[in-house]
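Coordinates in review
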Amino acid sequence: MFTLLKRFSASVRMNDREPVVRFENVGMRYGQGPEILRDIRFDLEPGSFHFLTGLSGAGKSTLLKLIYLAHRPSRGLIRLFGRDVATMSKDELPNLRRRIGVVFQNFRLLDHLSAIDNVALPLRIAGTRKSKIREQVVELLHWVGLEHQLNARPPVLSGGEQQRVAVARAVINRPSLLIADEPTGSIDDRIAMRIMHLFEELNKVGTTVVIATHNEPLVERFGHPRLHLADGALEVISEVAQRRLA
Ligand SMILES: Nc1ncnc2c1ncn2[C@@H]1O[C@H](COP(=O)(O)OP(=O)(O)O)[C@@H](O)[C@H]1O
Ligand SMILES: [Mg+2]
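Note on numbering: residues in each chain are counted from 1, in written sequence order. Naming scheme: in the order in which they are written, chains are lettered from A and ligands are numbered from 1. The model is predicted, so local features are restricted to residues of pLDDT at least 70 and side-chain atom pairs to those at 80 or more, both for listing and for counting; the totals for chains, interfaces and linings are taken over all residues.

1. Some details on the overall build of the protein chain
Counting its secondary structure elements, the protein chain contains nine helices and ten strands. A compact globule built from 246 residues should have a C-alpha radius of gyration of about 18 Å, and the protein chain, at 18 Å, falls within 12% of that. With respect to the principal axes defined by its C-alpha atoms, the protein chain has extents near 45 × 45 × 35 Å. Residue burial here comes from a neighbour count, namely the number of other C-beta atoms, placed from the backbone, that lie within 10 Å of the residue's own C-beta, with 20 or more meaning buried, 12 or fewer meaning exposed, and in between meaning partly exposed. Of all 246 residues assigned to the protein chain, the portion counted as buried reaches 37%. Note on contacts: residues are paired as contacts if their backbone-placed C-beta atoms lie within 7 Å. Put simply, 70% of the contacts in the protein chain that link residues at least 6 apart link residues at least 24 apart. Comment: elements are numbered from the N terminus, with helices defined as DSSP H or I runs of at least four residues and strands as E runs of at least two. A radius of gyration in this sense is built from C-alpha atoms; the matching globule rule multiplies 2.2 Å by the number of residues raised to 0.38.

Written out as structure tokens, the structure reads:
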């Protein structure tokens, strides 16, 4: 893990003082449906770590999709790495997306590729030398406890194993911003803790992290500030307020 982190810290860029993510008066509806998110405003400062909580259907995945540019808001302003996403040209988007690691709620692995090749994909796209890719990928897959499944394809992996491949793929490229949508939903507590520690280590070397979860014990145990969604509105609950609640 040490060499892995050394590599991480070498390349996480803390380029400016702007929030990594800024939402101002953001609203979101699907088609003509009701507004799922209303007047959302928050900042994610560089190097911060937040949980995103709320009941099922509260809009957690929708909010994360807005952050990783899978959806456009119906109204309001979203800034990513200091840039207004609405005025960004199509050519700029891939560059921005490459700085964001995403663990999708439904994993989105490529079924015809092995675990190793799924995790290697972001490195291949980024042009990392072939000789370096395997070593990094194998080390990370060991860390998430998948050393026995390196060559297995997603369809033969359990849900929890697929989830860990998805986590490894999201972090292998040392993203500036890591977004995880219920990343511990299908795994047992011991591995969940391991993955949380991986996120914490990444955060310590500069990655901004936001994790959607409804795993309350996890939220309480790690005690990071929380963005809480209810009735379309977002409340920011600081660490101190959270300790008072607990
Ligand atoms: N693509 C979509 N089209 C229409 N409605 C959607 C779509 N995705 C999500 N929703 C609705 O938006 C609401 C919030 O969903 P979601 O963001 O997935 O919540 P959560 O992740 O907190 O469970 C739900 O009522 C859901 O049915
Ligand atoms: Mg969701």
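2. Quick word on the sheet that holds strand β1 (residues 21-29)
Paired through backbone hydrogen bonds, the strands of a sheet run either parallel or antiparallel to each other. What makes two strands pair is DSSP finding at least two bridges between them. If you walk across this open sheet you meet the four strands as β2-β1-β4-β5, and the pairing is antiparallel. Here the strands that pair on one side only, and so sit at the sheet edges, are β2 (35-44) and β5 (83-84). Two elements, β1 and β2, share six bridges in a ladder whose sense is antiparallel. The residue bridging R22 from the neighbouring strand is D43, located in β2. What counts as an axis is a line fitted to C-alpha atoms, over the stretch in contact for a helix, and the angles between N-to-C directions run from 0 to 180 degrees. The sheet strands contacting helix α2 (residues 60-67) are β1, β2 and β4 (75-80), and the helix crosses β1 at an angle near 125°.

3. Focus on the packing of helix α4 (residues 115-125) against helix α5 (residues 130-143)
Viewed as axis vectors pointing N to C, α4 and α5 meet at an angle of 125°, and their least axial separation amounts to 9 Å. Between α4 and α5, the crossing angle belongs to the class labelled oblique. The hand of the α4/α5 crossing is right-handed. Residues A115, I116, V119, A120, L123 and R124 of α4 pack against I133, Q136, V137, L140 and L141 of α5. The residue makeup of the contact of α4 with α5, split by class, is nine nonpolar, one polar and one charged. Here roughly perpendicular refers to angles of 65 to 115 degrees, roughly parallel to angles under 35, roughly antiparallel to angles over 145, and oblique to all remaining angles. Working rule for handedness: look at the near helix, and if it is turned counterclockwise from the far one by less than a right angle, call the crossing left-handed; if clockwise, right-handed. The nonpolar class holds Ala, Val, Leu, Ile, Met, Phe, Trp, Tyr, Cys and Pro. Asp, Glu, Lys and Arg form the charged class, and all remaining residues, Gly among them, are polar.

4. Side note on the nonpolar core
To define a nonpolar core, we join buried Ala, Val, Leu, Ile, Met, Phe, Trp, Tyr and Cys residues through C-beta atoms within 7 Å and take the resulting set. Core analysis: the biggest nonpolar cluster contains 60 residues, and V119, L141, A168, L178 and I179 have the highest contact counts within it. The biggest single contributor to this core is helix α6 (residues 159-171), with six residues. Ignoring any residue separated from it by four or fewer positions in sequence, one finds L178 in contact with G101, A170, V171, F199, L202, T207 and V209.

5. What to know about unusual backbone geometry
The backbone phi angle of R108 is positive, close to 55°, even though this residue is not glycine. Inspection of the secondary structure assignment puts R108 in the loop between β6 (100-103) and α4.

6. So, the sheet that holds strand β7 (residues 177-181)
As summarised here, the arrangement of the six strands in space is β6-β7-β8-β3-β9-β10, forming an open sheet in which the pairing is mixed. Each end of this open sheet is capped by a strand with a single partner; those strands are β6 and β10 (233-237). Each adjacent strand pair in this sheet contributes to an overall mean axis angle of 15°, direction not counted. Bridging between strand β3 (residues 49-53) and strand β9 (residues 226-230) involves three bridges; their strand directions are parallel. Residue T53 lies in a different strand from β9, and its bridge partner there is H228. Packed onto the sheet, α6 meets β6 and β7 and runs at close to 175° relative to β6.

7. Structural notes on α6
A helix's residues, less one, multiplied by 1.5 Å, set its expected span. For α6, with 13 residues, the first-to-last C-alpha span of 19 Å sits near the 18 Å given by 1.5 Å per residue. For α6, the buried fraction is high: eleven of the 13 residues fall into the buried class. For α6, the set of buried residues is E161, Q162, Q163, R164, V165, A166, V167, A168, R169, A170 and V171. Summarising the contacts, the buried residues of α6 are in contact with β6, α4, α5, β7 and α7 (189-204).

8. Structural notes on the pairing of β6
Alternating positions in β6 separate into two faces, I100 and V102 on one and G101 and V103 on the other, with burial throughout. The sheet contact formed by β6 and β7 spans four bridges and is parallel. Residue I100 lies in a different strand from β7, and its bridge partner there is L177.

9. Observations regarding the environment of G57
Position of G57 among the secondary structure elements: in the loop between β3 and α2. Here G57 falls in the exposed class, since 10 other C-beta atoms lie within 10 Å of it. Sequence separation between G57 and D231 is 174 residues; the distance between their C-alpha atoms is 9.8 Å.

Keep in mind these numbers describe shape, not what the thing actually does.
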